[in-house]
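# Working through the structure, step by step
Listed here are the chains, written in short residue letters.
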Amino acid sequence: DGQGDQERPCLDCSVGLSQEQARKNDPQIRPAQRIPRGTVNDHRRAVARAERADVVYKITLDRAGHATVDAFPVVGVPPGIDLEGIAALDGGRFAFGTEGKVPGIATVLLGQRDGDRITVLSTILLPEGTLGVSLPANEGAEGICNLGETLVVALEAVGTTSGRRWAPIVFIKHGEITHVS
């Protein structure tokens with residue numbers, strides 16, 4: 001549940017939960033919201049975020065594969081920002097990759113679970129100049145995971161060098177960008 005469990009992060013995991021299964025447990029989930037992205041741990045639990053809804057879902061599968069879904073609103077997401085990627089960190093903390101509805105914006109939001117909600121506590125800016133690419137609207141930090149104390153962020157925006165397309169991967173440690181590849 002992100003409150004003491006040791007989460008195993010990944011960039012894009014599928015928990016095999018259909019929208020119909022999820023809606024049985026939480027009527028707030030609408031078909032337009034994508035549930036399968038998140039992080040999965042050894043306790044048959046996953047966390048996923050709802051794009052454009054500022055909600056995190058804890059999905060727990062019982063031994064028969066039936067899902068229980070708990071919703072946690074994310075408080076403090078800036079206006080015009082969509083949550084894209086999610087990584088469950090230790091101590092009930094979360095990192096969210098984001099994109100902006102206007103060009104030039106991509107961030108990582110750091111949040112803390114506080115009872116039945118997650119509160120955004122800080123923002124790490126991902127500036128175009130550091131990334132080496134322009135950030136069109138709705139092309140930001142699409143995937144995120146943690147590797148020990150390092151956050152690894154995959155950008156959706158692409159650059160071109162010598163006719164070859166590439167997308168930046170950003171490494172962040174202690175709130176600072178340490179490397180872009």
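See the structure above.
The model shown is predicted, which means the values in this text are computed figures rather than measured ones.

## Topic: the pattern of salt bridges
- Scanning the model with the defined rule gives 4 salt bridges in all.
- Between R93 and D90 there is a salt bridge, and its shortest N-O distance comes to 2.5 Å.
- Among the residues examined, R93 registers a relative accessible area of 37% and is labelled partly exposed.
- Of the residues examined, D90 reaches a relative accessible area of 45% and is grouped as partly exposed.
- Note that D114 and R117 form a salt bridge whose closest N and O atoms lie 3.9 Å from each other.
- Judged by its relative accessible area of 44%, D114 falls in the partly exposed class.

## Quick look at the pairing of strand β14 (residues 176–180)
- One ladder, built from 4 bridges, connects strand β13 (residues 169–173) with β14; its direction is antiparallel. Along β14, the bridge assignment pairs I172 with I177.
- In textbook terms, the turn of a hairpin is the stretch between consecutive antiparallel strands, and for β13 and β14 this stretch comprises 2 residues, one of which, H174, has a positive phi near 55°.

## A short note on unusual backbone geometry
- Positive phi outside glycine occurs at S162, with the angle close to 50°.
- The residue S162 is located in the loop between β11 (159–161) and β12 (164–166) in this model.
- S162 sits in the exposed class, given a relative accessible area of 74%.
- Its identity is not glycine, yet H174 carries a phi of approximately 55°, on the positive side.
- Examined against the element boundaries, H174 turns out to sit in the loop between β13 and β14.

## A word on the sheet that holds strand β9 (residues 141–147)
- What the 4 strands build is an open sheet, ordered β9-β10-β13-β14; its pairing is antiparallel. At either end of the open sheet lies a strand with only one pairing partner, and these are β9 and β14. Between one strand axis and the next, the sheet turns by 25° as a mean value, whatever way the strands run.

Procedures and definitions
Sequence positions are assigned chain by chain, starting from 1 and proceeding in written order. Confidence filtering applies because this is a predicted model: local features only for residues at pLDDT of at least 70, side-chain atom pairs given and counted only at 80 or more, and all residues used for totals across whole chains, interfaces and linings. Side-chain measures here rest on the full set of heavy atoms in the structure, leaving out hydrogens and waters. Only one rule defines a salt bridge in this text: a Lys or Arg side-chain nitrogen within 4 Å of an Asp or Glu carboxyl oxygen. For each residue, the accessible area found with a 1.4 Å probe, counting protein chains only, is set against the maximum for its type, and the residue is called buried under 20%, exposed over 50%, and partly exposed in between. Only strands that DSSP links by at least two bridges are regarded as paired with each other. Helix numbering and strand numbering both begin at the N terminus, where a helix is a DSSP run of H or I of at least 4 residues and a strand a DSSP run of E of at least 2. Lines fitted to C-alpha atoms define the axes, with helix axes restricted to the stretch in contact, and inter-axis angles between N-to-C directions lie between 0 and 180 degrees.

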